[in-house]
Each structure stands twice: as structure tokens, then as C-alpha cells.
Amino acid sequence: MMATISSLGIGSGLDLNGLLEQLESAERQQLTPIVAQQQSYQAKISAFGQLESALDSLRQAATELSEVDGFADVKSSLSGDGLSATVGDEAVVGSYEIDITQRARSYSIATLGVADKEGTLGAGTISFTLGNGDSFSVAVTENESSLEGIRDAINAADNGVVASIVNDGSAQPYRLVLSSAETGTEAAIASVDFGTGGLGDHLSLDAATEVSAQNAQLTVNGIDITSQGNRVEDAIQGVTLDLEETGSVSLEITRDTSAIEGKIKGFVSAYNNLQDTISSLTSYDQESGTAGVLIGNYTVQSVESRLRSTLTDVLTSSGAFKSLSDLGITLEVDGTLSLDEDALGDLVAEQLDDLTDFFAGVADEDGLADRLDTVLGTMLDDDGTLDSVTSGLESSIEMLQERYEDTEARIDSTIERYRTQFAELDSLIAQMNSTSTYLTQQFEALSAQLGQSD
């Protein structure tokens, strides 16, 4: 039985560890093409991700032009002081003369003063009734019946009344101030009852401190309007008015042509950015010899061809415009779109309805933006073109990973077999060396004996 060698090379004196490492390195070269193929597929997935992002940006730009509302942007201008205006999507073009005669105000009233805001005043129940008919009660225990405790209990109830404490500097300086949480007569405090005994013996309202609630009052083009608050919504369709002071203001709502032009320019820019992305992914640099990750890829060619066909198709609708060229938008030789901004400005100012029909459609007929969205949907939606090709690449990467693991396991098995064989070789050589040494010693001893006998 051969002796066990704990470290390769000790028995033989040979660099068996080094030889084993070289063999392992040579065997692992089988993994290199697998890794390279995985990296290639991963690079394509990343490239398709860039393409998808550019296509999604184009789809978003097209979506903004696919609805009539996309061409209804308005802007406002104010002359005069007294309010600020926020114009929403539903606002319509028009001129409005606004006179603010009264701002809304909340109700408040204070109690007569007490000497100590922390001293107990006795248990009880405070009952409130609001201007809209709502009522509620706040129970106060003996331990919580200080002015501060009552304040905290009312505020914790959060039922439309806010309590605070003021110090008027008198001998009994601390007053409980009760205010309605909102402006207007409906939110006003109609009545307060501290009950009898306990709280009722120590707290009562000071009528001289009452501040009555009031509603906002204004006219819009001569029409009287009353509001519970100073934010007035829908007195003018799609417009929110924030009343700041009394006065007269002129509000002018006009078509926001620059915003509409911006959407069309954004569409052209998104398409050109897509073309730049496709070019970078499919180009070949002769000087560096570097090729785009998706050069010659059929999916990219199909995407580009279908988009170009959609943009150059002539619409058969009854609208005044039939193609992008009618709008001053032309397809260049390099695949990008060029825009005549002056022509577009004239169209937005003079033929906005026709422009809307071209992009958003007429009656039941799709406009260009709708058609483009449909085509982009087949590319971007789940199970669409890009999803399918990406899923295929991911499946290929998984298969390569299985192949990698199988190959690696086979290499490990081969190296382990080499290790066993080298260990046996090391032991064999060690035994042979040991035998050789023994024989040499025996021969030397025999020679010595023979020499003595002479």
C-alpha cells in the first residue's frame, strides 16, 4: 500500500502543484467562450433597454398629441390686485372682470380671564354647535380641567373648533380663545355651553371679544358669488381664485400657443433622439473598427421601418392636413425629422382645429398620434416585439449558465482526478526514492565489508 502524501511534490520533489494549476487553467479555457457569449447577450439586452427607453419617450410625446385636450392649453394674465388665479385643464378662453367686496373670515370668541392657566377649574362637558348645524361635546375630567387641559382636549377632538390661550396682562390674564377651524358662516361657532357647576362656574364667554364669521363676496362679470372660503373654485370653469384682498381684477385666459408648439417640437425631438439611439446601436466606426451592439439586427431594422412607414403614410381622413410635410415637418435622408418652426407657429395661431384633427383624429378616424401609439404598443407592450426578443436573450443566458455550471463541474472532476493521480505518482516516486536510498546504503555497506576482508 502506497504512503499518503499530504502535499503534492514533497515525495517526488517535482512541482506537481504548479503542473496541476497549469492543467486547471488550460481546462478552464473551455469556460471563456461561454462567458463571452453571455456577455454578448447581456450587452444586447442592455442595448434593447436603451431602444425601449427611446421608444417609450416617443410614445409619451405622441400621447400628448393624441387627445383633443392636448391642444386646449391655456394661460392666464391678471391686471389689478386682490387675487391670484390657477388655471386648470378645463379652463376655457375668455375675459373676466372680478370685483372682490369681502373676504371670508373665521369666527372667534374668548372667555373671561382666569388667574392661573394651570389651576383646575372642575370637571364638566363643553358643548358646541356650528353654523351648519353640526354639534359635538368635549368631556373634561377634574385632573384635566386647567385652562391648558381644556385647550388640549378641544384640539384633540378635531371637530372644527380650535382652542388657544392668550394673556391680556390683567389681574386675571388668561383667556381661552375659541375659533372656527375654517372660514365662513357654515363653519362658525353658533353656540358654546360650559354646563352648570364645575367648569360652568369658572368659565363664561366674553361677548365683547366676539368676531363674527363672514363669507367671501365677489362678482364675476357682474354675477354675484358667495363663497365660504377665500379659495373659490369653479366660479369660472377650470379656474381657482385665491382671494387676497378686496379690489378689482381683470383676468384674461388665452390659448397657450407656445405650450402647444412645445408638444409638437417635443414629438419631433423624441423621434430624432430615437434615431440617434438607433444609429449609435447599429453603426460601424471604420477608424476604430468598433461595431454597434445591434448592428444588422433584424428587430431594430423592423422597428425603424415600421415607424418610418407610419410617419410617411398619407392620412385618408377628411382633415385639411394629410401628412407631416403639410405641417412643415419633413423626413430627412438620415432618418431624422426637420421642423419649420415659423410654419408651425402660423398653423397653431391660424389653423389649430386642423392641426388638432391631424394628430388627434377626426370623428372615429385615428389621427397620426393614435396610429403611432398603436404601432409603438406592438413594440413596447407586454409580449410585444421588444419583450419577446429580450425574453429570448434572457432564456439563452440561462441556458448558457447551465452549460457553464455543467462544464465547471466536469473541469472540477477532471482536476480532482489529476490530483489523485499526481498524489499516487508522488507516493510512488517517494517509495522508489526510498528504495533507491536503501539499496545504495546496502551496496555501500557490502563494499565496505568486502574491502575489509581484503
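Above this text sits the structure in question.
In this report, the structure presented in the accompanying data block is examined. Being a predicted model, the structure only gives us computed values, none of them experimental.

### What about the overall build of the protein chain?
Thinking step 1. In terms of helices and strands, the protein chain carries 10 helices and 19 strands.
Thinking step 2. Whereas a compact globule of 454 residues would reach a radius of gyration of roughly 22 Å, the protein chain reaches 44 Å, over 25% beyond that.
Thinking step 3. Buried residues in the protein chain amount to 37% of all 454 residues.
Thinking step 4. When contacts within the protein chain are restricted to residue pairs at least 6 apart in sequence, long-range pairs at least 24 apart make up 73% of them.
Thinking step 5. Carbon and sulfur atoms make up 45% of the accessible area of the protein chain, which totals about 24600 Å².
Thinking step 6. Computed over 21 positive and 76 negative side-chain charges, the separation of the two mean positions in the protein chain equals 3 Å.

### A short note on the packing of helix α2 (residues 32-63) against helix α5 (residues 257-282)
Thinking step 1. Look at α2 against α5: their axes get within 8 Å of each other, and the N-to-C directions meet at 165°. As judged from the angle between their axes, α2 and α5 are roughly antiparallel. Along this stretch, α2 crosses α5, giving a crossing that reads as left-handed. On α5, the residues touching A47, Q50, L51, A54, L55, S57, L58, A61 and A62 of α2 are G266, F267, A270, Y271, L274, T277, I278 and L281.
Thinking step 2. Of the residues belonging to the contact of α2 with α5, the class tally is 13 nonpolar, four polar and no charged.

### Some thoughts on the environment of S395
Thinking step 1. Among the secondary structure elements, S395 is positioned in helix α10 (residues 385-453).
Thinking step 2. Along the primary structure S395 and E52 are separated by 343 residues, whereas in three dimensions their C-alpha atoms are 19 Å apart.

### What about helix α9 (residues 368-380)?
Helical geometry: 3.6 residues make up each α-helical turn, so side chains three or four residues apart lie on a common side.
Thinking step 1. Over its 13 residues, α9 extends 18 Å from the first C-alpha to the last, a length consistent with the 18 Å expected when each residue adds 1.5 Å.
Thinking step 2. Residues L368, A369, D370, L372, V375, L376, G377, M379 and L380 constitute the buried set of α9.

### Side note on the sheet that holds strand β5 (residues 124-130)
Two strands in a sheet stick together by hydrogen bonds in their backbones, pointing the same way (parallel) or opposite ways (antiparallel).
Thinking step 1. Ordered in space as β6-β5-β9, the three strands form an open sheet in which the pairing is antiparallel. Every other strand in the sheet has two partners, leaving β6 (135-140) and β9 (189-193) as the edge strands with one partner each. Averaged over neighbouring strand pairs, the angle between their axes works out to 15° when direction is ignored.
Thinking step 2. Note that β5 and β9 share four bridges and pair antiparallel. What sits directly across from L130, in β9, is I189.
Thinking step 3. Packed on one face of the sheet, helix α3 (residues 147-157) meets β5 and β6 and runs near 140° to β6.

### A word on unusual backbone geometry
Thinking step 1. One non-glycine residue, D234, lies in the positive phi region at around 65°.
Thinking step 2. Structurally, D234 is set in strand β13 (residues 231-236).
Thinking step 3. Even without glycine at this site, D383 takes up a positive phi of about 65°.
Thinking step 4. Within the secondary structure, D383 sits in the loop between α9 and α10.
Thinking step 5. What makes D383 exposed here is its relative accessible area of 67%.

### Points about the packing of aromatic side chains
Thinking step 1. Tallied over the full model, the rule gives four aromatic pairs.
Thinking step 2. Judged by centre distance (5.0 Å) and plane angle (20°), the ring pair of F128 and F136 falls under stacked.
Thinking step 3. Taking the relative accessible area as the measure of exposure, F128 reaches 1% and is therefore buried.
Thinking step 4. Judged by relative accessible area, which is 11%, F136 ranks as buried.
Thinking step 5. Connected via pairs of aromatic rings, a cluster forms that spans F71, F267, F358 and F359.

### So, the pairing of strand β11 (residues 216-220)
Thinking step 1. Most of β11 is tucked away: four of the five residues are buried.
Thinking step 2. Pairing geometry for strand β3 (residues 94-102) and β11, over four bridges, is antiparallel. In the strand pairing of β11, I98 is matched with V220.
Thinking step 3. Hairpin connection between β11 and strand β12 (residues 223-227): a loop of two residues separates the two successive antiparallel strands, and N221 in this loop has a positive phi of roughly 50°.

### Here we look at the pattern of salt bridges
Thinking step 1. By the definition in use, this model includes 12 salt bridges.
Thinking step 2. Residues E148 and K117 are paired through a salt bridge, measuring 3.7 Å at the closest nitrogen-oxygen approach. One end of the pair, E148, is in helix α3; the other, K117, is in the loop between β4 (108-111) and β5, and 31 residues separate them in sequence.
Thinking step 3. Residue classification places E148 among the partly exposed residues on the basis of a relative accessible area of 22%.
Thinking step 4. A residue is classified by how much of its surface remains accessible, and K117, at 28% relative accessible area, is partly exposed.
Thinking step 5. One salt bridge in this structure joins R175 and D168, with 2.9 Å as the shortest N-O distance.
Thinking step 6. Classification of R175 by relative accessible area gives buried; the value is 17%.

Cut-offs used in this document
Residues numbered from 1 in each chain as written. Predicted model: local features only at pLDDT ≥ 70, side-chain atom pairs only at ≥ 80, totals over all residues. Heavy atoms only, no water. Helix = DSSP H or I, 4+ residues; strand = E, 2+ residues; numbered from the N terminus. Rg over C-alpha atoms; globule rule 2.2 N^0.38 Å. Buried < 20%, exposed > 50% of the residue type's maximum accessible area, 1.4 Å probe, protein only. Contact = heavy atoms within 4.5 Å. Areas by Shrake-Rupley, 256 points an atom, 1.4 Å probe, with all protein chains shown as cover. Lys, Arg positive; Asp, Glu negative; His and termini not counted. Charge placed at Lys NZ, Arg CZ, Asp CG, Glu CD. Axes fitted to C-alpha atoms, helices over the stretch in contact; angles between N-to-C directions. Parallel < 35°, antiparallel > 145°, perpendicular 65-115°, else oblique. Left-handed = near helix turned anticlockwise from the far one by under 90°. Nonpolar A, V, L, I, M, F, W, Y, C, P; charged D, E, K, R; others polar. Expected span 1.5 Å × (residues − 1). Pairing = 2+ DSSP bridges. Phe/Tyr/Trp six-rings, centres within 6.5 Å; stacked < 30°, edge-to-face > 60°. Salt bridge = Lys/Arg side-chain N within 4 Å of Asp/Glu carboxyl O.

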